[in-house]
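# Fold and geometry: a report
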Amino acid sequence: LAPITLAVKSPQYLVVNPATGITSVQDFIAKAKANPGKYSYGSVSMGSASHLTMEMMKSAAGFRMTHIPYRGAGPAVADLVAGNVQAGFFVPGNVQGFVKDGKLKLLATTGQKRFPSTPDVPTLSESGLKDFEATSWIGFLAPAGTPTHIVNRYHQEMVKILNSPEVKARLVEMEFDVVASSPKQFSDWIRTEITRWGKVIKDTGAKAE
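Overview of the structure.

About the thresholds
Residues numbered from 1 in each chain as written. Predicted model: local features only at pLDDT ≥ 70, side-chain atom pairs only at ≥ 80, totals over all residues. Heavy atoms only, no water. Axes fitted to C-alpha atoms, helices over the stretch in contact; angles between N-to-C directions. Helix = DSSP H or I, 4+ residues; strand = E, 2+ residues; numbered from the N terminus. Parallel < 35°, antiparallel > 145°, perpendicular 65-115°, else oblique. Left-handed = near helix turned anticlockwise from the far one by under 90°. Contact = heavy atoms within 4.5 Å. Nonpolar A, V, L, I, M, F, W, Y, C, P; charged D, E, K, R; others polar.

## Some details on the packing of helix α3 (residues 73-82) against helix α4 (residues 92-100)
In the contact formed by α3 and α4, the axes pass within 10 Å of each other and the chain directions differ by 25°. Taken together, the axes of α3 and α4 lie roughly parallel to each other. Between α3 and α4 lies a crossing whose hand is right-handed. Residues Ala 73, Val 77 and Val 81 of α3 lie in contact with α4, whose contacting residues are Asn 94, Val 95 and Phe 98. Its residues placed into classes, the contact of α3 with α4 shows 5 nonpolar, 1 polar and no charged.

Shown next, in the form of structure tokens:
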């Protein structure tokens, strides 16, 4: 494939059920370490970002927690709210309503910077897991061998659309960071992501469903 542009990125939220009494990332890690096997986390599916991000955190912080995969965000978040699982990583749109109602607690985000809508919620990197980053992203690619001048024209038009006031405002409202990178920057990002997630997949043996 021929990268055109990394359009948008969106960090995830680490959320817990308030009944756990967990108040911070360090509290989360300490309680998980002290009670191996007691806590479980839900994900939107096996091999998804919400699954692999927790596996990455478990590896970085050295704790154990049981994975419960679901078929989509709806049932995973519903069971988290009900207390059938205790934690999870989800994109903002899946959980912000429940947080506002006090049914879930936000602990951290997985990006390099805090969300503008929740400036008081720290990143995992700020919370002691140095350089931790796990973002969902959407990019555009063309078939391999597409002539450079065509890739460049696609890039020019897509960047113009992504940065247009109406499109950018809607994406920001949906908690996406507009990136609109160059083809080379997107290619470099893909290489970084392959390394980052390849290690997690090899370490855990995770398979996509």
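After that view of the structure, there is still more to cover.
## Overview of the packing of helix α1 (residues 25-34) against helix α2 (residues 49-61)
Axis separation between α1 and α2 bottoms out at 11 Å; the angle between their running directions is 75°. Viewed along their axes, α1 and α2 adopt a mutual orientation that is roughly perpendicular. From α1, Val 25, Phe 28, Ile 29 and Lys 33 reach across to α2, where they touch Met 54, Met 57 and Ala 61. Here the contact of α1 with α2 is built from residues that sort into 6 nonpolar, no polar and 1 charged.

By themselves, these observations are geometric and do not establish any function.
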